[in-house]
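# Remarks on the overall topology
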Amino acid sequence: MSNIRNLCSEGFAIPDINADFESIALISLKQALKSYFSTYKYMANIGRSLFEDELDARSHSPGYIEHYSETIIHFQHFFELICKDILRKENELLVLNIDNKHEILYNLIKGEEVPNDELEKINTIEFNRTFERLCNLITNDKLDPKYSFFKDSNKKIALEQLNIMRNRIWHRGSFVMKYKSLDLFVGKYILPIVKEIIKLPEYSSISRLWEYRGLDSKINPLDEIISVCNEDTPALDHIAFLKELGRAAYNNPYNHDFAFYKKEIADRAIRIARAEIPNQIYGDDYVISCPVCGTKSLVKYEESDGDRDKHGQYTSYWTWIDNIKCYCCSFELQSSGMRNPSEYGYSLPDFWYEYEH
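Turning our eyes to something else, we now look at the overall build of the protein. Along the backbone of the protein there are 14 helices and five strands. Every one of the 357 residues in the protein was classed for burial, and the buried ones make up 46%. The long-range share in the protein, meaning contacts at least 24 apart out of those at least 6 apart in sequence, stands at 68%. Split by element, the accessible area of the protein, about 19,600 Å² in all, is 46% carbon and sulfur.

Following this line, the structure appears as structure tokens:
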């Protein structure tokens, strides 16, 4: 047993290695966004019905359920840690469940230093109590007014509901929000609070901990999803397009600025893409630049079909682009239910077309 305890004690406190941040809050944010952005990928095979109002519960894939759960758990964890970070800046006592730790309580009241390893042994208060305390102190002008956005009634309800959804996963593990509901909940209510937090000075300076690499198309998926979700009738296909941009942005392999390595990665991706669609057959129109990574490794895949008469002869025949895939950053879309980027308001080449022979 002692060996187990020794193993588990061999670690470090995050502030000891990086003074810029005190917890893994922004790392949880990154995981939440990656999971949320991935929800389209694991439902894309459903086709056009994915974007209809009444998607059957049984249509939700195990991959969607996994990423839904990770989305809710990590968003809730992010907000809980942020709220506790804000309270800790005022006084550690505001977040500790410390009634029976008399000596530590005395030392903290007196302003005496308490070792981190001692504080880590003490449980912190639950999220509901944390959030209630935070809002109360903000309302009574005890905290910096820059945190006043937490008082907004919709934001309070959204975070309370997020905690309920997290508890339903954590304690029962039997409830999953439908695809459309998750999009609207996250895009309209959760992401705006995220935006308020990440623009605070203490977090804006460490955006590298959560932020995806900028897209070649200059589209910002997070901002755009918020914008779409605040329209009178949010378009789920538009949100899906943006989510896939975000997912691939996190997967963009250009994570450094060394030209040699970037060229090596790009050349490999371009070779694979050209092998998928040989230029001598189809021409360059079938391998285009990716809106995420900018590499000319985005392949358009054609499908063909038609109507036949009773003798099996085609009476009509048409061809269309069925799906696209980038062999550098993994950006990938199915055509069913999707519109071309220009129809969403973006200056990008068309992905989809169909013609009859």
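Glancing now at the nonpolar core. F75, F79, F150, F241 and F331 are the most contacted members of the largest nonpolar core, which has 104 residues in total. Here this core gets twelve residues from one element, more than from any other, and that element is helix α4 (residues 62-90). Those residues within four positions of F75 in sequence are excluded, and the remaining contacts are L29, A32, L33, L162, V186, I190, L191 and V194.

Under the counting rule described, the total for this entry stands at twelve salt bridges. Of the charged contacts in the structure, one is a salt bridge between K89 and E202, with a shortest N-O distance of 3.7 Å. Remark: E202 occurs in helix α10 (residues 201-204) and K89 occurs in helix α4; sequence separation between them is 113 residues. Judged by its relative accessible area of 43%, K89 falls in the partly exposed class. Among the salt bridges present, the one from D183 reaches K243, with a minimum N-O distance of 2.8 Å. Taken together, the positions of D183 in helix α9 (residues 179-198) and K243 in helix α12 (residues 236-250) put the pair 60 residues apart, joining distant regions of the chain. Per residue, the accessibility class of D183 equals that of K243, and both read buried.

Here we come to the side chain of H238. For H238, the location among the structural elements is in helix α12. Among residues more than four places away in sequence, those in contact with H238 are V228, Y344 and Y346.

As a packed pair, α9 and helix α11 (residues 221-229) sit with axes 9 Å apart at the nearest point and diverge in direction by 125 degrees. As judged from the angle between their axes, α9 and α11 are oblique. The chirality of how α9 crosses α11 is left-handed. Residues D183, L184, G187, K188, L191, P192 and K195 of α9 lie in contact with α11, whose contacting residues are L222, D223, I225, I226 and C229. Among the residues making up the contact of α9 with α11, the classes are represented as seven nonpolar, one polar and four charged.

Let us look at the confidence of the model for the protein. When the pLDDT values of the protein are averaged, the result is 87; 84% of them are 70 or greater. Per-element confidence in the protein ranges from a low mean pLDDT of 56 for helix α14 (residues 279-282) to a high of 98 for α11.

This brings us to the environment of E54. Tracing the sequence through the fold places E54 in the loop between α3 (25-37) and α4. The exposure class of E54 is exposed, given its relative accessible area of 70%. The spacing of E54 and K178 is 124 residues in sequence and 9.5 Å in space, taken between C-alpha atoms.

Cut-offs applied
- Residues numbered from 1 in each chain as written.
- Predicted model: local features only at pLDDT ≥ 70, side-chain atom pairs only at ≥ 80, totals over all residues.
- Heavy atoms only, no water.
- Helix = DSSP H or I, 4+ residues; strand = E, 2+ residues; numbered from the N terminus.
- Buried < 20%, exposed > 50% of the residue type's maximum accessible area, 1.4 Å probe, protein only.
- Contact = heavy atoms within 4.5 Å.
- Areas by Shrake-Rupley, 256 points an atom, 1.4 Å probe, with all protein chains shown as cover.
- Core = buried A, V, L, I, M, F, W, Y, C linked by side-chain atoms within 4.5 Å.
- Salt bridge = Lys/Arg side-chain N within 4 Å of Asp/Glu carboxyl O.
- Axes fitted to C-alpha atoms, helices over the stretch in contact; angles between N-to-C directions.
- Parallel < 35°, antiparallel > 145°, perpendicular 65-115°, else oblique.
- Left-handed = near helix turned anticlockwise from the far one by under 90°.
- Nonpolar A, V, L, I, M, F, W, Y, C, P; charged D, E, K, R; others polar.
- pLDDT = per-residue confidence, 0-100.

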